[in-house]
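A closer look at the structure
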Amino acid sequence: VQLQAYGGGLVQAGGSLRLSCAASGRTFSRYGMGWFRQAPGKEREFVAAISWSGGSTLYADSVKGRFTISRDSAKITVYLQMNSLKPEDTAVYYCAASNKVVLTTAPGLYNYWGQGTLVTVSS
């Protein structure tokens, strides 16, 4: 069972990146998916989540209106489109999967975690 996050990189403030999270090893079609991030010296924080159907989403206030979470129709890959990036968005971004709840911001309710991808936003 693996979640592979990729798509991170270096971007200037105001730019965009799209992160992807691919699932393998089992079917995640009935799992809620989430993105979290951890900046240096800070705790991991919730960014966005999407229900298994894709019909419901949640966003942290800090990214609302700038980030969009989505998943493909096969429900194998989850995306995080990040626009209008700010230096404070710099962090390692992690994807996670949960079969405990439909939609949640709580990291403790996610069963599986990817390894993280680094996003660096320069000013």
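What counts, and where the lines are drawn
- Residues numbered from 1 in each chain as written.
- Predicted model: local features only at pLDDT ≥ 70, side-chain atom pairs only at ≥ 80, totals over all residues.
- Heavy atoms only, no water.
- Buried < 20%, exposed > 50% of the residue type's maximum accessible area, 1.4 Å probe, protein only.
- Helix = DSSP H or I, 4+ residues; strand = E, 2+ residues; numbered from the N terminus.
- Pairing = 2+ DSSP bridges.
- Axes fitted to C-alpha atoms, helices over the stretch in contact; angles between N-to-C directions.
- Core = buried A, V, L, I, M, F, W, Y, C linked by side-chain atoms within 4.5 Å.
- Salt bridge = Lys/Arg side-chain N within 4 Å of Asp/Glu carboxyl O.

Quick notes on the pairing of strand S11 (residues 117–122)
Of the two faces of S11, only the one carrying Thr117, Val119 and Val121 is buried; Leu118, Thr120 and Ser122 on the other face are not. Relative to S11, strand S2 (residues 9–12) runs parallel, the two sharing four bridges. Along S11, the bridge assignment pairs Leu10 with Thr120. When strand S9 (residues 91–98) meets S11, the two strands line up antiparallel, connected through three bridges. Residue pairing across strands places Ala91 opposite Val119, the latter belonging to S11.

Considering the pairing of strand S4 (residues 32–38)
The buried count for S4 comes to six of seven residues, which makes it a mostly enclosed element. Direction of pairing for S4 relative to S9: antiparallel, over a ladder of seven bridges. Its bridge partner being in S9, Trp35 is matched across the sheet by Cys95. Pairing between S4 and strand S5 (residues 45–50): five bridges, direction antiparallel. Looking across to S5, one finds that Phe36 is bridged to Phe46. Adjacent in sequence and paired antiparallel, S4 and S5 are bridged by six residues, among which Gly41 carries a positive phi angle near 80°.

Concerning the sheet that holds strand S8 (residues 77–82)
The strands making up a sheet associate through backbone hydrogen bonding, with each pair oriented either parallel or antiparallel. The four strands are arranged S1-S3-S8-S7 in an open sheet whose pairing can be described as antiparallel. If you trace the sheet from one side to the other, it starts and ends with strand S1 (2–6) and strand S7 (67–71), each paired once. The average angle at which neighbouring strand axes cross in this sheet is 15°, direction not considered. Two elements, S7 and S8, share five bridges in a ladder whose sense is antiparallel. Within S8, the position partnered with Thr68 by the bridge is Gln81.

Considerations on the nonpolar core
In this structure, Met33, Trp35, Leu80, Met82 and Tyr93 are the most contacted members of the largest nonpolar core, which totals 34 residues. Put simply, the parts of the chain that give this core at least two residues each are S1, strand S3 (17–24), S4, S5, S7, S8, S9 and S11.

Quick word on the pattern of salt bridges
Pairs can form between side chains of opposite charge once their charged atoms are near each other. Applying the stated rule across the entire model yields four salt bridges. Of the charged contacts in the structure, one is a salt bridge between Asp61 and Lys64, with a shortest N-O distance of 3.2 Å. Assessed through its relative accessible area of 66%, Asp61 is described here as exposed. In the salt-bridge network here, residues are joined through shared partners; they are Arg37, Glu45, Arg66 and Asp89.

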